[in-house]
Amino acid sequence: MSADERPGLYVESTIIMTTVRVVAPFVLTFALFIMFHGADTPGGGFQGGVIAGSVVMMLAFAFGIDSTRQWLDVRIVAALASGGVFVFAGIGLGAMALGGQFLQYNVYEPYYYKASKYGIELVELGIGGIVASVAIGLFFVLAAGFGHVTDTEGER
């Protein structure tokens, strides 16, 4: 069997594609639920971020890694990561600017009475964005393979 006759890594399956189309919105909604309820229940930004990142992985397995990589531009993934960092740092440093400690949510309460609850939820959402983007980025790096690595054994 020649290299041209071997099957590729991606085989299109109508069943998998349809299932992912139906399931992906529910999984993403569950990820957001886990992120937003991290302050009150078990879960939080890390767990929700991993679940949200798995949605992109499901899409990649169903529709192909290359087409998913083209659909989800690297700038979106980078914006998700840096947006999460800015939200986390902004809320933490904002508390310090108001005379509190880093991530001391109760210093926001004179400005909004539910500031502690929403501050924690925003931080969890920021952490979820960071974790999701890292999981997606690592998936795409690992999916690209290591074919670009050259053999340096012969050069010694």
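This write-up is about the structure you can find in this document. If you're wondering where the values come from, they're calculated on a predicted model, not measured in any experiment.

Attention now goes to the overall build of the protein. A tally of regular secondary structure across the protein gives five helices and zero strands. Seen in sequence order, the protein has helices and strands lined up from the N terminus as α-α-α-α-α. Looking at the protein as a whole, 29% of its 156 residues are labelled buried. Considering only contacts within the protein whose residues lie at least 6 apart along the sequence, 59% involve residues at least 24 apart. Roughly 10,300 Å² of accessible area belongs to the protein as shown, and the carbon and sulfur atoms make up 68% of that amount.

It is at 8 Å that the axes of helix 1 (residues 14-36) and helix 5 (residues 115-144) come closest, and there the two elements cross at 135°. In terms of axis orientation, helix 1 runs oblique to helix 5. Across the interface between the two elements, Leu32, Met35 and Phe36 of helix 1 pack against Glu121, Glu124, Leu125 and Gly128 of helix 5. Residues that form the contact of helix 1 with helix 5 fall into these classes: four nonpolar, one polar and two charged.

Right, let's talk about a nonpolar patch on the surface for a bit. Together, Leu28, Leu32, Phe36, Val87, Leu122 and Leu125 line one region of the surface with nonpolar side chains, adding up to about 430 Å² of accessible area. Secondary-structure elements contributing two or more residues to the nonpolar patch are helix 1 and helix 5. Ranked by the residues each element gives to the nonpolar patch, the list is headed by helix 1, at three residues. Mapped onto the fold, Leu125 is located in helix 5.

The next point concerns the packing of helix 4 (residues 74-97) against helix 5. Relative to each other, helix 4 and helix 5 sit at 150°, their axes nearing to 8 Å. For the element pair helix 4 / helix 5, the angle class is roughly antiparallel. In this structure, the crossing between helix 4 and helix 5 has a hand that is left-handed. Every residue of helix 5 that contacts helix 4 at Val77, Leu80, Ala81, Gly84, Val85, Val87, Phe88 and Ile91 is listed here: Gly119, Leu122, Val123, Gly126, Ile127, Gly129, Ile130, Ala132, Ser133 and Ile136. Across the contact of helix 4 with helix 5, the residue classes tally to 13 nonpolar, five polar and no charged.

Located in the positive-phi region is Leu103, a residue other than glycine, with phi close to 60°. Tracing the chain through its elements places Leu103 in the loop between helix 4 and helix 5. Judged by its relative accessible area of 22%, Leu103 is partly exposed.

On to helix 1, then. In this model helix 1 runs 34 Å from its N-terminal to its C-terminal C-alpha over 23 residues, within 8% of the 33 Å that 1.5 Å per residue would give. When the local axis directions of helix 1 are compared, the greatest deviation, roughly 35°, occurs at Val23, which is followed within four positions by the proline Pro25. Inspection of helix 1 places Met17, Val20, Ala24, Val27, Ala31, Ile34 and Met35 among the buried residues, and these make up the whole buried set. Close packing links the buried residues of helix 1 with helix 2 (45-63) and helix 5.

Basis of the calculations
- Here the residue numbering is sequential within each chain, running from 1 through the sequence in written order.
- Local features in a predicted model are, by the rule used here, given only for residues with pLDDT of at least 70; side-chain atom pairs are given and counted only at 80 or more, and totals for whole chains, interfaces and linings are based on all residues.
- To obtain the side-chain values, all non-hydrogen atoms of the structure were included, while hydrogens and water were left out.
- Each helix corresponds to a stretch of at least 4 residues labelled H or I by DSSP, and each strand to a stretch of at least 2 residues labelled E; elements are numbered beginning at the N terminus.
- The cut-offs for exposure are 20% and 50% of the maximum accessible area for each residue type, with area from a 1.4 Å probe on protein chains only; residues under the lower value are buried, those over the upper are exposed, and the others partly exposed.
- Any two residues whose heavy atoms approach within 4.5 Å at even a single point are treated as in contact.
- For accessible areas, the Shrake-Rupley method is used with a probe of radius 1.4 Å. Any residue's cover is judged against the shown protein chains and nothing else.
- Axis definition: a line fitted to C-alpha atoms, limited for helices to the stretch in contact. Angles are taken between N-to-C directions and run from 0 to 180 degrees.
- Throughout, the term roughly parallel applies to angles under 35 degrees, roughly antiparallel to angles over 145, roughly perpendicular to angles from 65 to 115, and oblique to all others.
- Here the term charged refers only to Asp, Glu, Lys and Arg, the term nonpolar to Ala, Val, Leu, Ile, Met, Phe, Trp, Tyr, Cys and Pro, and the term polar to all other amino acids, Gly among them.
- Nonpolar side chains (Val, Leu, Ile, Met, Phe, Trp, Tyr) within 5 Å and like charges within 9 Å form the patches, drawn only from residues with over 30% relative accessible area and no salt bridge.
- We define a salt bridge as a side-chain nitrogen of Lys or Arg found within 4 Å of a carboxyl oxygen belonging to Asp or Glu.
- Note: crossing handedness is left-handed where the near helix turns anticlockwise from the far helix by less than a right angle, and right-handed where it turns clockwise.
- Take the number of residues in a helix, subtract one, and multiply by 1.5 Å to get its expected span.
- Throughout, bend refers to the angle between the axes fitted to the seven residues that end at a position and the seven residues that start at it.

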